[in-house]
Structure formats: C-alpha cells, structure tokens
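# Close look at the chain arrangement
Now for the letters of each chain:
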Amino acid sequence: MEQKPTACLALADGTIFYGRGFGATGEVVAELVFNTAMTGYQEIMTDPSYAAQVVTFTFPHIGNTGVTPEDDEAPDPVAAGIVVKWDPTEPSNWRAASDLATWMERRGRIGMGGVDTRRLTRAIRQQGAPHVVLAHDPEGRFDIEAMVARAREWPGLVGMDLAREVSTAQSYRWDEGLWRWPGTFGSERPEKPLRVVALDYGAKRNILRSLAESGADVTVLPATATAEEVLAHEPDGVFLSNGPGDPAATGEYAVPMIRQLLDRDMPIFGICLGHQMLALALGAKTVKMSHGHHGANHPVRDKETGKVEITSMNHGFAVDAQTLPEGVIETHVSLFDGSNCGLKVADRPVFSVQYHPEASPGPQDSAYLFERFAQAMRERRGD
C-alpha cells in the first residue's frame with residue numbers, strides 16, 4: 001500500500017510537493033532557497049543568515065553524519081526548515097551526539113524528505129526564490145488552499161530587518177579559537193591581543209573563532225549598538241558580521257553608525273551582510289537577487305591578482321557595483337554571474353567581502369582575509 005505523505009510544500013504559484021515529514025510538526029512560511037554544499041548541513045541550519053528561509057539541498061545525503069554541539073554556528077537552528085531528497089538515516093560518525101531528525105524535533109524545525117530536489121532547484125533557478133509554506137502532519141492533513149494563500153500573502157524579505165531579531169541582546173567577549181584535532185577549540189592568547197569590536201548582525205561562531213585565531217580579543221555588540229558604544233571599547237578595528245534580511249532595512253540604523261566609524265579612519269572588515277552595510281555606508285546601493293548564492297563551491301575572482309578562490313556563500317541581496325562611488329574599488333567578482341563580491345576603500349584599511357572566508361566547513365581559500373585585517377590593526381597601533 002502506498003504510504004500517505006506526511007509533509008507538504010506549497011509554493012505561492014500553486015505548485016505543490018508532497019513528501020515524508022521529519023523533525024517538528026506544524027507549519028512555517030518562508031522564502032525557499034537551494035544550497036549546493038555537500039557537507040555542513042548543521043552549520044547551514046544554525047547560520048543566522050538563513051532566518052526566514054527554508055533550505056533545499058541539491059546533495060541527496062543529508063543527515064548521514066548526525067549532529068554535534070561543536071558544529072553549531074548559533075545556539076539554535078535559525079533556518080525555518082529543510083527539504084531533502086532522501087530521508088535522513090541513522091548517523092555514522094564518531095562525533096555524532098544525535099541524529100538529525102531528533103535534533104530538529106527538539107529544536108522546533110520542520111524537515112521534509114522524499115522530494116525531487118533537482119526539479120525544485122530548477123524551479124528556483126528559473127523563477128527566483130519563491131515564497132512557500134512547509135507543513136508536517138503525521139496524519140497527512142493539509143489545507144492546500146490555505147497554505148498557498150498564506151505563501152502568497154507573506155511579504156517576503158525585501159524591507160525586512162531580520163538582523164535585529166537574530167542579534168545578541170547584550171554584549172559579550174569571545175576568545176575561543178578554531179577547532180583542532182582531536183576535538184578541542186584553540187585557547188592560546190597573544191601577549192598583546194588586538195582589540196576588535198564585532199557588530200553582531202547574525203554572527204556565526206566560526207567567524208568569531210577566526211577573528212580570535214588571528215590574535216584578537218573580540219567584544220561582540222548588538223546590531224543596534226551606537227558608534228559611541230563601539231568606540232567606548234577603544235578598538236583597534238571593527239568587524240561587521242554576516243546576517244539575514246534586507247540590508248537597506250538594517251541600514252536604517254546601522255549605516256549612520258558605520259559612517260561615524262569611517263570618520264575615525266580605523267580598520268574595518270565586513271562579511272556578507274556586513275559587506276552590504278559597509279557598501280551602503282559608503283554610498284552604494286544593494287539589490288535583491290533572483291535566487292541568491294548559497295553553497296560552498298562558488299568561484300570568485302580577485303580582480304587585483306587574477307587569483308580565483310572557491311568560496312562559501314549565503315546571500316540573497318548583492319551590492320550593485322555600478323553604484324560604488326569614486327574611491328571605493330571593486331576587488332572581487334563572482335564567476336557565476338559577475339555580481340560584486342568584494343570592495344575596498346582606496347588608501348584606507350577598510351574592506352569587505354560578500355562570501356564567507358571562515359567557510360566552516362571549507363573551502364579555506366579566503367582565510368587569509370582575517371590575517372589581512374589583523375595586519376591592518378597592527379600597523380595602525382604601530383606593532
């Protein structure tokens with residue numbers, strides 16, 4: 001007898017996908033994106049940049065290595081749910097502390113298996129990232145008409161400030177370095193650490209670890225922190241983190257603060273949403289992409305050296321390179337679509353990239369950017 005579907009994905013255009021539910025039960029509305037990474041599903045689910053998004057994976061084997069607290073990028077999953085080709089199996093990995101389905105159920109996240117994810121990915125590429133409703137009901141009861149209506153009514157990410165929702169509520173210090181075999185995080189501290197203030201728009205833990213690894217004593221502040229609050233820590237440099245949502249919406253309060261920091265001529269380094277925030281502060285504009293960039297295999301060309309780096313990406317908005325003002329130089333471009341992936345301010349230690357140089361899991365082609373930031377801070381304080 002054919003098994004009754006226990007999960008349903010309803011797209012705003014009326015397209016319906018059925019499958020087998022796992023994880024939490026219930027219903028969620030979000031934007032649907034696809035990710036091409038073959039590893040790192042736990043890091044993807046806990047990446048705050050995926051707030052208000054359901055992720056479908058192009059790689060079919062999701063859940064095989066289970067989950068472990070060491071791999072969380074945030075205390076809890078942030079992605080609204082996931083859609084996969086094959087149902088998650090029992091984990092086969094010595095680090096696994098739980099299986100994926102149980103972990104998702106405990107954390108309140110919906111999963112759906114048994115879906116033709118190649119067909120779903122083609123639909124996203126051709127039509128853009130759709131608004132969807134993902135539902136899981138063990139009894140297989142779905143109000144399709146209501147689900148499609150809810151997907152159509154959802155306003156979407158344009159104009160949505162999600163950084164404020166995922167940011168820390170209060171400041172804290174971070175000094176933990178990168179993971180080391182056989183299972184510990186670095187704790188070595190330099191005699192005179194660099195003082196870095198990180199603005200948390202949805203910061204991933206491995207970005208903070210990479211900053212600490214480069215010799216920084218990191219103080220993390222909320223997304224809404226003022227320039228006065230930042231400067232009170234007497235930083236050697238300021239870091240603008242990754243995060244979700246529309247940069248123009250977050251920029252309503254973040255851009256004026258960043259402009260005040262730019263007046264101080266101190267090293268500033270931005271990643272992902274932080275890159276977009278810096279571009280807006282410098283006078284550029286951002287645009288919503290059709291389906292964005294989400295994966296761990298995105299080629300980016302360094303326009304200054306000609307070097308091609310394979311990078312990890314997760315963004316649905318991009319900086320419009322045509323709007324970069326005089327004195328702001330485009331440094332990196334995507335080899336997929338030519339979109340902007342990096343900038344720097346001429347003759348100043350201010351730069352940013354659209355991709356994730358910490359890339360946990362890999363690739364590590366761009367990890368040198370953290371050392372570049374550290375070197376700029378050392379030069380500023382005369383080390």
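Residues numbered from 1 in each chain as written. Predicted model: local features only at pLDDT ≥ 70, side-chain atom pairs only at ≥ 80, totals over all residues. Heavy atoms only, no water.

## A look at the overall build of the chain
Helix and strand counts for the chain stand at 10 helices and 19 strands. Counting only C-alpha atoms, the chain reaches 75 × 45 × 40 Å along its principal axes. A buried classification covers 58% of the 383 residues belonging to the chain. Nonlocal contacts in the chain, meaning residues at least 24 apart in sequence, comprise 75% of its contacts between residues at least 6 apart. Here the chain displays about 16100 Å² of accessible surface, and carbon together with sulfur accounts for 48% of that area. Placing the 36 positive and 51 negative side-chain charges of the chain at their respective mean positions leaves the two points 2 Å apart. (Helix = DSSP H or I, 4+ residues; strand = E, 2+ residues; numbered from the N terminus. Buried < 20%, exposed > 50% of the residue type's maximum accessible area, 1.4 Å probe, protein only. Contact = heavy atoms within 4.5 Å. Areas by Shrake-Rupley, 256 points an atom, 1.4 Å probe, with all protein chains shown as cover. Lys, Arg positive; Asp, Glu negative; His and termini not counted. Charge placed at Lys NZ, Arg CZ, Asp CG, Glu CD.)

## Description of the environment of Asp265
Its location among the elements puts Asp265 in the loop between helix 8 (247-262) and strand 14 (268-271). Here the alpha-carbon distance between Asp265 and Glu304, two residues 39 residues apart in the chain, equals 23 Å. Once you skip the residues sitting within four places of it in the chain, Asp265 turns out to touch Arg348, Pro349 and Arg380. Engagement of the side chain of Asp265 in a polar contact is seen with the side chain of Arg348, the distance being 3.1 Å. (Polar contact = N/O pair within 3.5 Å; in protein donor to acceptor, adjacent residues only side chain to side chain.)

## Some details on the packing of aromatic side chains
Each aromatic ring pair is characterised by the separation of its centres together with the angle its planes make. One pass over the structure, following the stated rule, counts 5 aromatic pairs. Aromatic pair Phe269 and Phe370: ring centres 5.7 Å apart, planes at 80°, arrangement edge-to-face. Residue Phe269 is found in strand 14, and its partner Phe370 is found in helix 10 (residues 368-381); the two are separated by 101 residues along the sequence. For the pair formed by Phe269 and Phe370, the shared burial category is buried. The ring of Phe317 has Lys288 sitting right over it, with the charged end atom 5.5 Å from the ring centre. (Phe/Tyr/Trp six-rings, centres within 6.5 Å; stacked < 30°, edge-to-face > 60°. Lys NZ or Arg CZ within 6 Å of the ring centre and 35° of its normal.)

## Considerations on the domain arrangement of the chain
You can read the domains of the chain as domain 1 (7-153) and domain 2 (163-381). Distance between the C-alpha centres of domain 1 and domain 2: 27 Å. In this assembly, 27 residues from domain 1 lie in contact with 28 residues from domain 2. Both faces considered, domain 1 and domain 2 share a buried interface measuring about 2000 Å² in area, 49% of it formed by carbon and sulfur atoms. (Domains from an automatic or database assignment. Buried area = accessible area lost by both parts, 1.4 Å probe.)

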